[in-house]
Amino acid sequence: MDVLKRLDDLLAARNWTMYRLAKESGLSESTVANVFRRNAIPSIDTLEKICQGFGITLAQFFADGEMVELTPELQEVFENWRTLTKEQKAAALAMLRAFNHDQ
């Protein structure tokens, strides 16, 4: 995968500048600019921060095909899901399936 092309594509899709990416990711402008100017692959730590700025995971960054972004609501669902017991997860899935059958 061409990491720099992927970054360019994400910037273009959002109509963001490197300045905006720096602000959203909590990185300095010079760090972001250096990635593009030097055609350098960012470190994993830097790439993680960039992904956080874009609101995606590293897995989504490297995913082939259509990228799925999590809405704030889905992010909340996943964060809460992780803390459930096996039984609670089964109950939650049963409830969601029941809701879908009602439609």
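Residues numbered from 1 in each chain as written. Predicted model: local features only at pLDDT ≥ 70, side-chain atom pairs only at ≥ 80, totals over all residues. Heavy atoms only, no water.

With that out of the way, let us pick up helix α2 (residues 18–25). Among the residues of α2, Leu 21, Ala 22 and Ser 25 are the ones counted as buried. One face of α2 carries all of its buried residues, which in axial projection span an arc of 100°. Count one or two residues on from α2 and you reach Gly 26, which has phi positive near 75°. (Buried < 20%, exposed > 50% of the residue type's maximum accessible area, 1.4 Å probe, protein only. Helix = DSSP H or I, 4+ residues; strand = E, 2+ residues; numbered from the N terminus. Arc of directions from axis to C-beta.)

For the rest of this paragraph, the subject is helix α4 (residues 44–54). Listing the buried residues of α4 in full gives Thr 46, Leu 47, Ile 50, Cys 51, Gly 53 and Phe 54. Around the axis of α4, the buried residues are gathered within 155° of arc, so they sit on the same side. Across α4 from its buried face, at more than 90 degrees, point the exposed residues Ile 44 and Gln 52. Along its buried surface, α4 packs onto α1 (3–14), α2, α3 (29–37) and α5 (58–62). Remark: Gly 55 follows α4 within two positions and exhibits a positive phi of approximately 80°. (Contact = heavy atoms within 4.5 Å.)

Right, let's get into the pattern of salt bridges. Inspection of every chain in the model, using the stated rule, returns 3 salt bridges. The closest approach of N and O atoms between Asp 9 and Lys 5, which form a salt bridge, is 3.0 Å. On the criterion of helical spacing, the pair formed by Asp 9 and Lys 5 is a turn pair, its members being 4 residues apart in helix α1. For Lys 5, a relative accessible area of 47% translates into the label partly exposed. Close ionic contact of Glu 24 with Arg 20 constitutes a salt bridge, the shortest N to O distance being 3.0 Å. Note that Glu 24 and Arg 20 are positioned in helix α2 at a spacing of 4 residues, about one turn of the helix. Classification of Arg 20 by relative accessible area gives partly exposed; the value is 38%. (Salt bridge = Lys/Arg side-chain N within 4 Å of Asp/Glu carboxyl O.)

Looking now at unusual backbone geometry. One non-glycine residue, Asn 15, lies in positive phi territory at about 60°. Structurally, Asn 15 can be placed in the loop between α1 and α2. Positive phi, normally seen in glycine, also occurs at Asn 39, with a value near 50°. Along the chain, Asn 39 turns up in the loop between α3 and α4.

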